[in-house]
Amino acid sequence: MPQWLCNQLMRAFQNKNRRQIRLLNDSWYFYRTRRSQEEWPDTQSTDGPGKRKL
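Summarised in this report is the structure supplied together with it. All figures in this text were calculated on a predicted structure; none of them were measured in a lab. (Residues numbered from 1 in each chain as written. Predicted model: local features only at pLDDT ≥ 70, side-chain atom pairs only at ≥ 80, totals over all residues. Heavy atoms only, no water.)

1. Comments concerning the overall build of the protein
Now for step 1: Broken down by element type, the protein carries two helices and two strands.
Now for step 2: Starting at the N terminus and walking to the C terminus, you meet the elements of the protein as α-α-β-β.
Now for step 3: Each of the 54 residues in the protein was classed as buried or not, and the buried ones make up 11%.
Now for step 4: If you sum the accessible surface of the protein, you get close to 5300 Å²; carbon and sulfur atoms cover 50% of it. (Helix = DSSP H or I, 4+ residues; strand = E, 2+ residues; numbered from the N terminus. Buried < 20%, exposed > 50% of the residue type's maximum accessible area, 1.4 Å probe, protein only. Areas by Shrake-Rupley, 256 points an atom, 1.4 Å probe, with all protein chains shown as cover.)

Set out below in structure tokens:
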């Protein structure tokens, strides 16, 4: 997790800002899933029902 995001999360928790915590959390999970798809593009592709491309 980037340091700037950790800092913002800590500040949001200290201020008990639930809206900011939720936004940052959603952003982190979106970033993480997006990045994993870019690193492993073949894991999502299929040749047919239930078959993965290896």
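2. Things to note about helix α2 (residues 18-39)
Now for step 1: Compared with the 32 Å implied by 1.5 Å per residue over 22 residues, the 32 Å span of α2 between its first and last C-alpha is a close match.
Now for step 2: All of the buried residues in α2 are Ile21, Leu24 and Trp28. Take α2 and look down its axis: the buried residues cluster within an arc of 70°, on one side only. Of the exposed residues in α2, those oriented more than 90 degrees away from the buried face are Arg18, Arg19, Arg22, Leu23, Phe30 and Glu38.
Now for step 3: Next to the buried residues of α2 lie α1 (3-14). (Expected span 1.5 Å × (residues − 1). Arc of directions from axis to C-beta. Contact = heavy atoms within 4.5 Å.)

3. Examining the packing of aromatic side chains
Now for step 1: Scanning all chains against the criterion turns up one aromatic pair.
Now for step 2: On the basis of an interplanar angle of 35° and a centroid distance of 5.7 Å, the ring pair of Trp28 and Tyr31 is categorised as tilted. Here the residue Trp28 and the residue Tyr31 both occupy positions in helix α2, the gap between them amounting to three residues, near one helical turn.
Now for step 3: Note on Trp28: relative accessible area 15%, which makes it buried.
Now for step 4: Taking the relative accessible area as the measure of exposure, Tyr31 reaches 38% and is therefore partly exposed. (Phe/Tyr/Trp six-rings, centres within 6.5 Å; stacked < 30°, edge-to-face > 60°.)

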